[in-house]
Amino acid sequence: MCMREKGAKLEYTRMLKLKRTFDLHRDVVCDLRKKEASVCRVKEYSGEVDARILNIECDGGILYSWKGATGTTRVGKYDPKTKQNKLLYTFDKQVCVSSCSLNKEETLLAVSLAQNTAEVGGIKPVVKCLTLLIEIHPINNTKVLKAVDCRVKVQFLHQEEADRRSVLESHLLLLTEDGYVDLYHILLTRQEGYRVVMVSPERLTRTAERIVEDLCWVQWDGHTQRLYYVTHKGKFLLRCVQFYPNHYCETVLELPLEMPANSFPAVKFVNLGFDHYHTAKPEQELVKMEVFTDRIGSMCICYNHPLNKNSKEVVYTLSLVHKGCSKTFHVSLGSVELPERSAQLHPLFIPIGYYIMVYVKGYFLHLINTRQQEMLCHSLFLSGHDVDLGLQWGTVDVMVVHSEEKASVSLLELSSGRVHSAELSAAHLLQILRADKAFKCPDCEPDPARLAALHCLLVYMGNDPNLELKIIEWLCDGVSTFQSFDHIQEFILASLYRICYEKSLNLDKLLPYSSVSDKKDIPKSLLEIPGVKCTTELHTETIFNIKASILSGFWSELQWNTERTKYLEAVPNPRYRTSHVRAEWDRLLKSERRPSSHTNHIEENTKKVLSMVDTWSLDKKVVPLFQEEDAQQRALIGLTVDKLRDHLNRHLPRLGKKKIDSLVVSYVAKLLELIRHMLETVWLKYKMGPRALCLSQRGSEADWSVFHFMFRILEAAVGLCLPLPPGFHTLLAVLAVRCLPHHSFLQYIDHKLLQLTETFVARLMTDLDNSDANEKLKFSILKRLPQPMKQTIVHTWDHPITSASISRDYVHTLLEKHNKTKGFALSGRERPGFRPEFLPLTYLAKMLSDIEEQGTNPFEEQENVDTRFVEETALKQTFILLGFEEN
């Protein structure tokens with residue numbers, strides 16, 4: 001937990017924002033008291049209402065039981081959509097409901113009743129379980145499904161019907177502590193128009209289908225209708241059974257797991273309701289394990305290892321099926337005093353988007369990036385007693401309710417009966433970014449924590465414009481000095497990655513994600529986190545059931561992602577590096593850039609990108625960008641599109657050329673738009689107006705701040721060889737000439753830190769007067785210009801030297817043209833001094849006038865040249881050359 005000082009007060013933020021969506025006392029008990037008071041015909045019911053949550057169905061409905069005023073046990077349902085409670089069934093006596101499930105049509109109720117007998121003469125209690133199937137629409141028949149000496153869990157399938165048939169059907173899973181799973185197919189029919197009853201209930205037990213045997217761990221995922229289970233025969237093997245809308249099921253996945261042999265001393269049930277009568281102590285559960293999936297084709301298997309108190313470390317593994325590897329983390333607890341109950345050190349695994357949060361209350365919090373898992377610095381690790389999610393109870397009493405469809409997660413505090421929706425706190429992550437004198441986070445390494453927090457904010461949470469604005473303002477402040485990474489480069493790459501990371505998981509290995517991975521020598525602070533060790537193991541066996549009749553949707557994506565990951569692991573340098581474009585761009589700059597099919601193709605790419613940027617920016621004219629032609633940046637824009645498109649077509653053909661082309665154009669357009677947005681933010685922050693473009697005034701403190709920020713953007717872009725918006729170099733040069741001494745400005749140009757654009761130099765020549773200092777600056781700039789630009793620029797500066805240059809070029813051009821057309825040539829002067837062959841000035845002037853009349857003035861579009869002016873200039877130059885005048 002980070003803290004911020006506000007005077008004498010401290011403002012705390014936590015990593016998770018918890019919003020209470022259900023409270024058993026508020027939403028259920030208060031309502032039950034009113035109903036019990038009505039039954040007892042009293043004003044207020046003062047008796048005990050022992051309400052307990054039994055199950056949460058995939059539609060969000062919460063099943064619960066309570067002891068009524070008459071001493072009987074009742075089962076009800078809370079509907080989160082209508083906020084209403086509904087009585088489902090009343091037993092004729094008090095019973096212990098250990099498992100409960102309701103079918104989708106709310107016509108059948110399955111319950112398991114636990115019967116505990118007290119210990120007598122040192123004999124352990126015998127737990128007998130009676131499993132019933134009850135008709136509740138209306139309450140009618142009851143069928144006994146099972147009567148065994150072990151725990152039994154019940155769970156109805158909730159599937160979308162392909163068609164509505166006259167004969168209804170429900171399907172029930174029955175899972176036992178003996179390690180097997182039975183599937184019951186229950187035929188239903190309507191009687192008297194409204195009664196729903198079972199067809200041939202006596203045949204149910206005989207027609208049950210055994211689908212799993214010898215399991216030691218099992219998890220139900222109601223949203224995706226999948227059953228994950230682990231068997232142990234020499235080695236642990238995870239399998240998954242998928243249930244389809246036509247009620248057909250099959251095993252679609254097998255994955256070996258490296259786990260200690262004693263991981264599951266008893267069968268462990270996950271997401272199969274809540275048994276309040278199970279006598280097993282939490283300490284006996286050595287391993288906590290859960291499977292989380294994402295609809296775009298990712299699967300993470302999370303489990304901790306049995307605690308070894310002698311080593312004083314917590315060990316947990318994340319098996320990333322979509323990445324073809326497992327990551328095992330060893331977190332040292334150091335000298336921290338261990339709790340009496342080892343179960344308090346069992347981590348809580350919370351899926352939040354493509355992050356997995358590993359949380360041990362009071363010890364550490366590890367937010368693991370499952371899509372960019374190669375480096376520790378892209379996952380956030382915080383430690384210390386201040387690490388707190390704000391949960392009232394320990395992690396042992398907290399259950400995770402995950403919905404793949406809704407991409408949401410909720411936390412259930414079983415002891416209090418409260419359900420909280422959970423999401424990452426942007427405020428907390430921003431505080432980690434701002435960790436300086438005002439923001440303290442003593443238990444985390446600054447650079448890795450900032451880098452991980454920045455990527456989480458930009459990629460996972462970056463769709464919020466207000467959040468992006470806060471991050472840009474943090475970049476503008478520049479209060480932190482980063483030695484291990486360039487935070488503007490990280491901002492650019494992470495923001496660009498965000499626009500396409502949902503397209504395909506394999507883009508994780510193809511698109512640039514971080515500038516850190518391109519470094520030759522990665523700083524040690526980014527490779528290691530004190531107290532945390534990580535080992536990686538590649539999966540050699542991930543078996544998909546290719547013969548499965550319907551391997552589509554999620555499973556098709558997961559299989560393809562797994563196979564493509566193996567291919568990309570074998571390919572050298574699969575990730576696109578922005579430096580790939582540098583060599584060809586340098587060749588283009590050195591060449592004359594004559595039109596060719598290649599240059600035309602690059603120009604077409606540029607037009608696509610700039611047209612998209614123009615569309616986005618029609619109403620945004622805060623910063624003068626995209627208002628000039630910048631040949632160098634246009635070439636780099638088109639070249640970037642070309643190289644990135646080729647890279648994706650080569651390694652990810654499945655997306656299709658049309659989709660890749662659209663993605664690449666959007667990617668580069670977003671880059672230009674992102675830089676424009678950064679400049680707009682700093683422009684508004686420092687209240688820059690038209691005066692910022694006035695070259696005749698020296699720069700203010702605000703100008704200095706904007707110049708410094710723009711120069712940092714330039715450094716970041718040049719380091720990654722990324723294009724900049726046309727007009728960026730002009731704007732930067734304007735601020736530079738206002739803020740820097742003239743000699744420093746020229747040094748920036750000589751070291752290629754600033755680029756002289758034609759727009760900037762033309763404005764400089766016209767806006768600055770011809771004082772000695774300004775005249776010296778202008779001449780210095782003219783000397784540094786390439787010849788084609790110089791010929792254009794001299795026409796913008798009203799000065800005797802440029803006038804003489806214009807005249808010489810004008811005369812040279814006319815005479816050269818006359819020589820080619822008439823065959824007439826003037827002999828050059830071999831040595832200084834007056835010679836008899838020298839043409840009279842009057843004849844020269846006359847000849848120039850004649851040539852002017854014969855053709856169009858080549859400088860007509862740039863400047864009108866007066867023949868009289870040329871005559872006077874030539875005469876003056878002649879006198880100088882003959883030594884009659886001094887220059």
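If you're wondering where the values come from, they're calculated on a predicted model, not measured in any experiment.

Draft legend 1. How the structure looks around the environment of Pro 523. Turning to its location among the elements, Pro 523 is positioned in the loop between helix 6 (487-498) and helix 7 (524-527). Relative accessible area serves as the criterion here: at 21%, Pro 523 is assigned to the partly exposed category. Along the primary structure Pro 523 and Ser 484 are separated by 39 residues, whereas in three dimensions their C-alpha atoms are 5.8 Å apart.

Draft legend 2. The arrangement of the pairing of strand 23 (residues 298-304) in detail. With respect to burial, strand 23 is a largely interior element, 7 of its 7 residues being buried. Burial along strand 23 is two-sided: Ser 298, Cys 300, Cys 302 and Asn 304 facing one way and Met 299, Ile 301 and Tyr 303 facing the other are all buried. Adjacent in sequence and paired antiparallel, strand 22 (residues 289-294) and strand 23 are bridged by 3 residues, among which Gly 297 carries a positive phi angle near 105°.

Draft legend 3. Local environment of the pairing of strand 4 (residues 52-56). As paired elements, strand 4 and strand 5 (residues 62-67) share 4 bridges and run antiparallel to each other. Of the residues in strand 5, the one forming a bridge with Asn 55 is Leu 63. What sits between the antiparallel neighbours strand 4 and strand 5 is a turn of 5 residues, in which Gly 60 has the positive phi angle 90°.

Draft legend 4. Up close: helix 11 (residues 631-651). Here helix 11 spans 31 Å end to end across 21 residues, near enough to the 30 Å set by a 1.5 Å rise per residue. Buried residues dominate helix 11, accounting for 15 of its 21 residues.

Draft legend 5. The arrangement of the packing of aromatic side chains in detail. Enumeration over the complete set of coordinates arrives at 19 aromatic pairs. Relative to Tyr 355, the ring of Tyr 354 lies with its centre 4.9 Å away and its plane at 25°, an arrangement referred to as stacked. Residue Tyr 355 is classed as buried on the basis of its relative accessible area of 1%. With a centroid separation of 6.4 Å and 45° between ring planes, the pair formed by Phe 707 and Tyr 748 is classed as tilted. Pair noted here: Phe 707 is in helix 13 (residues 701-720) and Tyr 748 is in helix 15 (residues 742-750), with a separation of 41 residues, a long-range link.

Draft legend 6. View of the nonpolar core. Core analysis: the largest hydrophobic core is formed by 158 residues, its most contacted members being Met 15, Tyr 316, Ile 350, Met 357, Phe 728, Phe 745 and Phe 760. Core analysis: the second largest hydrophobic core is formed by 26 residues, Cys 216, Val 252, Val 270 and Val 291 among them.

Draft legend 7. Broad picture of the sheet that holds strand 3 (residues 16-23). If you trace the 4 strands from one edge of the open sheet to the other, you get 3-32-31-30, paired in antiparallel fashion. The open sheet has two free edges, formed respectively by strand 3 and strand 30 (398-403), since each of these has just one partner strand. The mean angle between the axes of side-by-side strands here comes to 30°, regardless of whether they run parallel or antiparallel. Pairing analysis gives 4 bridges linking strand 31 (residues 408-413) to strand 32 (residues 418-424), with the strands arranged antiparallel. When the bridges of strand 32 are listed, Glu 413 appears paired with Arg 418.

Draft legend 8. Geometry of the sheet that holds strand 6 (residues 73-79). Pairing is antiparallel in the open sheet, where 4 strands are placed in the order 4-5-6-7. Two strands bound the open sheet, and with one partner strand each, they are strand 4 and strand 7 (84-90). Averaged over all adjacent pairs, the angle separating strand axes in this sheet is 30°, with direction ignored. Alignment of strand 5 against strand 6, held across 6 bridges, turns out to be antiparallel. Across the sheet, residue Trp 66 finds its bridge partner in strand 6, namely Arg 74.

Draft legend 9. Seen up close, the environment of Glu 701. Mapping Glu 701 onto the fold places it in helix 13. Through-space distance from the C-alpha of Glu 701 to that of Tyr 686 is 9.3 Å; in sequence the pair is 15 residues apart.

Draft legend 10. The packing of helix 12 (residues 657-685) against helix 13, seen in detail. At a minimum axis separation of 10 Å, helix 12 and helix 13 run at an interaxial angle of 165°. The angle between the axes of helix 12 and helix 13 places the two elements in the roughly antiparallel class. With respect to the hand of their crossing, helix 12 and helix 13 are arranged in right-handed fashion. In this structure, helix 12 contributes Ile 675, Met 678, Leu 679, Val 682 and Trp 683 to the contact, and helix 13 contributes Val 706, Phe 709, Met 710 and Ile 713. Class assignment of the residues belonging to the contact of helix 12 with helix 13 gives a composition of 9 nonpolar, no polar and no charged.

Rules of the game
- Residues numbered from 1 in each chain as written.
- Predicted model: local features only at pLDDT ≥ 70, side-chain atom pairs only at ≥ 80, totals over all residues.
- Heavy atoms only, no water.
- Helix = DSSP H or I, 4+ residues; strand = E, 2+ residues; numbered from the N terminus.
- Buried < 20%, exposed > 50% of the residue type's maximum accessible area, 1.4 Å probe, protein only.
- Pairing = 2+ DSSP bridges.
- Expected span 1.5 Å × (residues − 1).
- Phe/Tyr/Trp six-rings, centres within 6.5 Å; stacked < 30°, edge-to-face > 60°.
- Core = buried A, V, L, I, M, F, W, Y, C linked by side-chain atoms within 4.5 Å.
- Axes fitted to C-alpha atoms, helices over the stretch in contact; angles between N-to-C directions.
- Parallel < 35°, antiparallel > 145°, perpendicular 65-115°, else oblique.
- Left-handed = near helix turned anticlockwise from the far one by under 90°.
- Contact = heavy atoms within 4.5 Å.
- Nonpolar A, V, L, I, M, F, W, Y, C, P; charged D, E, K, R; others polar.

In short, the description is geometric, and any link to function would need to be established separately.
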